[in-house]
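Coordinates in review
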Amino acid sequence: MPKVGMEPLRRRALIDATISAIGERGSLDVTMSEIAGRAGVSSALAHHYFGAKDELLLATMRHILAELTIDMRRALQSAGSPRERVSAVVAVNFSDIQFQPETIAAWLAFYVEAQKSSALRRLLRVYARRLHSNLMSGLTGILPRSEADRAAEATAAMIDGLYIRRALKDGVPDAATAIALVEDYLEIKLGGRQTQ
């Protein structure tokens, strides 16, 4: 008889193990058996909860996006000005939770896999729209809409680009430098304007 309440814990353990395995390998070239072993469950139980590996990968991406969304909402609620909103979006994307080597590797692997998987592609589109919308929530209070749109696109491209660059380097990710690079761009683009 299954233990009551264990399913959410085991699902989370499998998702964490997936992130860890992808981070170690640097690709999605991991098996359900490897992931299950890392999570301390049987391969059969992993298949029972998620079916195929693709479903586990999709659940893992959803989990990463859900954590990002929770952190983003919290940060945006505490931002007092449009400029603070933009900085909050940048800071959350490079937070200690998000900018970990394993999570960075998972993002890169998911970007690659999204070229073949329509479900992952949809999730990445959701992420891109949310990032753009969150940036616009601050930028439209500082710049005219068309300029804000371009600044949001450029800022999002910098965030994504810094993840890619980080994935290609060894060592601990340097969030402070990544944030400083994006903030330098924003200072130049916004020309010291705080609100409109």
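Given the structure is predicted, the values throughout are model-derived calculations rather than measurements. (Residues numbered from 1 in each chain as written. Predicted model: local features only at pLDDT ≥ 70, side-chain atom pairs only at ≥ 80, totals over all residues. Heavy atoms only, no water.)

1. Observations concerning the UniProt feature "domain: HTH tetR-type" (unreviewed entry) in the protein chain
Stated formally: UniProt positions are given in the numbering used here, feature names are shortened, and annotations may be inferred rather than shown by experiment. To qualify as a helix, a DSSP run of H or I must reach at least 4 residues; to qualify as a strand, a run of E must reach at least 2; elements of each kind are numbered from the N terminus.
The UniProt record annotates "domain: HTH tetR-type" (unreviewed entry) at residues 8-68. Counted over residues 8-68, helix gives 82% and strand 0%. Its end C-alpha atoms are 19 Å apart.

2. As for the UniProt feature "DNA-binding region" (unreviewed entry) in the protein chain
As recorded in UniProt, the sites labelled "DNA-binding region" (unreviewed entry) are residues 31-50. Counted over residues 31-50, helix gives 80% and strand 0%. Its end C-alpha atoms are 13 Å apart.

3. Let's talk about helix 2 (residues 32-39)
One full turn of an α-helix is made of 3.6 residues, so residues set three or four places apart face in the same direction. In plain terms, the rule: Buried means the residue's accessible area, taken with a 1.4 Å probe over protein chains only, is under 20% of the maximum for its type, while exposed means over 50%, and partly exposed covers the values in between. As used here, the arc is the angular range of directions from the helix axis to the C-beta atoms. Here, residues are in contact when the closest pair of their heavy atoms is within 4.5 Å.
What helix 2 keeps buried is the set Met-32, Ile-35, Ala-36 and Ala-39. The arc that holds every buried residue of helix 2, seen down its axis, measures 100 degrees, which confines them to one face. Residues of helix 2 that are buried in the fold lie against helix 1 (6-25), helix 3 (43-50) and helix 4 (53-78). Remark: Gly-40 follows helix 2 within two positions and exhibits a positive phi of approximately 75 degrees.

4. Digging into the pattern of salt bridges
Side-chain pairing between opposite charges can occur once the charged atoms of the two side chains come close. Short version of the rule: Each reported salt bridge corresponds to a side-chain nitrogen of Lys or Arg within 4 Å of a carboxyl oxygen of Asp or Glu.
Across all of its chains, the model carries 9 salt bridges by this definition. Put simply, Glu-24 and Arg-38 hold a salt bridge, and the shortest N to O gap is 3.0 Å. Placement of the pair is Glu-24 in helix 1 and Arg-38 in helix 2, with a sequence separation of 14 residues. Overall, the relative accessible area of 60% leaves Glu-24 in the exposed class. Its relative accessible area of 37% is what places Arg-38 among the partly exposed residues. The shortest N-O distance in the salt bridge between Arg-74 and Asp-71 comes to 3.5 Å.

5. A short note on the nonpolar core
To keep it simple, the criterion reads: Only buried residues count toward a nonpolar core, which is a set of Ala, Val, Leu, Ile, Met, Phe, Trp, Tyr and Cys residues joined through side-chain atoms within 4.5 Å.
Leu-14, Phe-94, Trp-107, Phe-110 and Leu-139 are the most contacted members of the largest nonpolar core, which totals 62 residues. For this core, the leading source of residues is helix 4, giving 11 residues. In contact with Leu-139, other than residues within four places in its own chain, are Val-86, Ala-148, Ala-151, Ala-152, Leu-186 and Leu-190.

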